[in-house]
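# Fold and contact review
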Amino acid sequence: MTVMYDRVALIGLGLIASSMFWAMKRGGIAGEVIGYARSSETRDVAREIGLCDRVCDSAAEACEGADLIVLCVPIGAMDAVSREIAGALKKGAVVTDVGSVKRAVIDVVGPHIPDGVHFVPGHPLAGTEQSGPRSGFAELFDNRWCVLTPEGADADATAKLRKYWEALGSNVDEMDADHHDLVLAVTSHTPHLIAYTMVGVADDLSRVTDTEVVKFSAAGFRDFTRIAASDPTMWRDVFLNNKDATLEILGRFTEELFALQRAIRQGDGEHLHDYFTRTRSIRRGII
Ligand code: NAD
């Protein structure tokens, strides 16, 4: 139980911020946690369930005197909130974010950070399909990765933020922002898009044939439906802000899909078997 930052401000009070709050409480990591969310309904829920020690009605007010400010809003809102808080940041404070895309966030937040304030971008590779202030839980970050993309940020500020994420339960790595965006396009963004399309196709089929595709869904398809239930605003912003990397991966994905389609049409069992053997060995390598 070591207090790492005397005052932490959470801007946006959804899944990630609420999980961070409960994890901070669990570990005694922050002296005081101040919260802000744009909608008054969210702020009311936060006050009702004791999410944050104090909830403010403006982002700037929440950041006054804060040692660590964590931007936990959808990527499309990062520009507006960083503009709003810029004048309230104290010298020596650290601003970080949890956005799922890094280059676009650096481009919009970076210019608003005043001299003497350190900006260290971050992304916890942890989430669920739930959203909002009631969805968080202290264990969300346990044994998950958090990627920091400091790009020349102050070394002490970065080292302290690394320790903060470790105290929240995560393993921490550092990466170049563009590399992060490409890696996440493969491991998270494109798989989400595929899940959205699979569920869309099943829904179309149900409507056309009146068969109950969703009711009788087996395990694989159920996993797709869970992923496809993720927050539409967050995921819209991910694709709008990681355009080049997701288009690059989607291009490669469709090439592979066409090759498999041809193998099925031509009855090329050898191609299918070789491909599935290769992918099975990848799975066995990660568990
Ligand atoms: P969420 O929808 O649960 O919460 C978002 C919060 O931001 C809500 O409180 C909402 O009211 C608030 N908000 C929206 N627009 C705002 C604005 N203009 N000003 C102030 N507040 C605003 O979302 P979440 O899942 O917690 O995601 C937050 C961030 O974390 C996103 O940038 C997302 O990319 C990133 N992230 C999400 C996941 C995940 O799986 N959900 C995982 C890692 C990172």
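What counts and how
- Residues numbered from 1 in each chain as written.
- Predicted model: local features only at pLDDT ≥ 70, side-chain atom pairs only at ≥ 80, totals over all residues.
- Heavy atoms only, no water.
- Pairing = 2+ DSSP bridges.
- Helix = DSSP H or I, 4+ residues; strand = E, 2+ residues; numbered from the N terminus.
- Axes fitted to C-alpha atoms, helices over the stretch in contact; angles between N-to-C directions.
- Near = heavy atom within 4 Å.
- Polar contact = N/O pair within 3.5 Å; in protein donor to acceptor, adjacent residues only side chain to side chain.
- Areas by Shrake-Rupley, 256 points an atom, 1.4 Å probe, with all protein chains shown as cover.
- Nonpolar A, V, L, I, M, F, W, Y, C, P; charged D, E, K, R; others polar.
- Buried < 20%, exposed > 50% of the residue type's maximum accessible area, 1.4 Å probe, protein only.
- Contact = heavy atoms within 4.5 Å.
- Domains from an automatic or database assignment.
- Buried area = accessible area lost by both parts, 1.4 Å probe.
- Salt bridge = Lys/Arg side-chain N within 4 Å of Asp/Glu carboxyl O.
- 1 Å grid on protein atoms, 1.4 Å probe; cavity = no way out; pocket = protein on both sides within 12 Å on 5 of 7 lines; lining within 4 Å.
- Points joined across faces, edges and corners; volume = space filled by probe spheres on them.
- Phe/Tyr/Trp six-rings, centres within 6.5 Å; stacked < 30°, edge-to-face > 60°.
- Lys NZ or Arg CZ within 6 Å of the ring centre and 35° of its normal.

## Some points on the sheet that holds strand E7 (residues 122-124)
In space, the 3 strands of this open sheet follow the order E7-E8-E9, with mixed pairing throughout. Pairing within the sheet leaves two strands with one partner each, and these edge strands are E7 and strand E9 (171-174). The mean angle between the axes of side-by-side strands here comes to 20 degrees, regardless of whether they run parallel or antiparallel. Where strand E8 (residues 145-148) and E9 come together, 4 bridges link them in parallel fashion.

## Examining the sheet that holds strand E4 (residues 68-71)
If you trace the 6 strands from one edge of the open sheet to the other, you get E3-E2-E1-E4-E5-E6, paired in parallel fashion. Edge positions in the sheet fall to strand E3 (54-55) and strand E6 (118-119), since each of these pairs with one other strand and no more. The sheet contact formed by E4 and strand E5 (residues 94-97) spans 4 bridges and is parallel. Residue pairing in the sheet places Ile 69 in a bridge with Val 95 of E5.

## Some points on the site of the ligand
In the vicinity of the ligand lie 26 residues, with Leu 15, Ile 16, Val 73, Ser 100 and Gly 132 positioned nearest. Between the ligand and Leu 15 there is a distance of 2.9 Å, counted from an oxygen atom to a backbone nitrogen or oxygen. At 2.9 Å from an oxygen atom of the ligand is found a main-chain nitrogen or oxygen belonging to Ile 16. For the ligand, whose unbound accessible area comes to 830 Å², protein coverage reaches 89%. Broken down by secondary-structure element, the contributors of at least two residues to the shell around the ligand are helix H1 (15-27), helix H4 (78-85) and E7. Partitioned by chemical class, the residues of the shell around the ligand number 15 nonpolar, 10 polar and 1 charged.

## Quick notes on the side chain of Thr 190
Relative to the helices and strands, Thr 190 resides in helix H7 (residues 177-209). Thr 190 gets classed as buried once you look at its relative accessible area, which sits at 3%. Within the local environment of Thr 190, its side chain forms a polar contact with the backbone oxygen of Ala 185, the two atoms lying 2.7 Å apart. Other than its neighbours up to four places away in sequence, Thr 190 contacts Ala 185, Thr 246, Ile 249 and Leu 250.

## Remarks on the domain arrangement of the chain
Segmenting the chain into domains produces domain 1 (5-175) and domain 2 (179-286). With centres defined by C-alpha atoms, the gap from domain 1 to domain 2 works out at 31 Å. Listed per partner, the contact involves 15 residues of domain 1 and 15 residues of domain 2. For the pair domain 1 and domain 2, the summed buried surface comes to about 1200 Å²; carbon and sulfur atoms form 67% of the total. Contact with domain 2 buries area across many residues of domain 1, yet Val 101, Glu 129 and Met 175 alone supply 41% of it, more than any other trio. Applying the counting rule to domain 1 against domain 2 returns 1 salt bridge. One salt bridge connects Arg 226 with Glu 129, and the closest N-O pair in it is separated by 3.9 Å. At the boundary of domain 1 with domain 2, the tally comes to 5 residue pairs in polar contact (both at pLDDT 80 or more). Class assignment of the residues belonging to the side of domain 1 that touches domain 2 gives a composition of 7 nonpolar, 5 polar and 3 charged.

## Here's the deal with the layout of surface pockets
The space that makes up the second largest pocket amounts to roughly 490 Å³. Lining the second largest pocket, in full, are Phe 253, Glu 256, Leu 257, Leu 260, Tyr 275, Arg 278, Thr 279, Ile 282, Arg 283 and Ile 286. Sorting the residues of the lining of the second largest pocket by element identifies helix H10 (243-265) and helix H11 (269-286) as the ones contributing at least two each. It is H11 that contributes the most residues to the lining of the second largest pocket, 6 residues altogether. Counted by class, the lining of the second largest pocket contains 6 nonpolar, 1 polar and 3 charged residues.

## Focus: unusual backbone geometry
Here Cys 52, not a glycine, exhibits a phi torsion of approximately 90 degrees, which is positive. With relative accessibility at 8%, the residue Cys 52 sits in the buried group. If you check the backbone angles, Glu 151 has positive phi at about 40 degrees while not being a glycine. Assignment of secondary structure puts Glu 151 in the loop between E8 and helix H6 (155-167). The class of Glu 151 is partly exposed, set by a relative accessible area of 41%.

## Re the packing of aromatic side chains
Taken as a whole and assessed by the stated rule, the structure comprises 5 aromatic pairs. Residues Phe 21 and Trp 22 carry aromatic rings whose centres are separated by 4.9 Å and whose planes lie at 70 degrees to one another, so their mutual orientation is edge-to-face. With a centroid separation of 6.1 Å and 40 degrees between ring planes, the pair formed by Trp 235 and Phe 239 is classed as tilted. Highlighted residues: Trp 235 and Phe 239, both in helix H9 (residues 232-241), separated by 4 residues, approximately one helical turn. Residues Trp 235 and Phe 239 agree in their burial class; the two are buried. An aromatic cluster is defined as three or more aromatic residues linked by ring pairs; in this entry it consists of Tyr 5, Phe 141, Tyr 164 and Trp 165. Lys 160 extends its terminal NZ or CZ atom over the ring of Tyr 5, reaching a point 4.4 Å from the ring centre.

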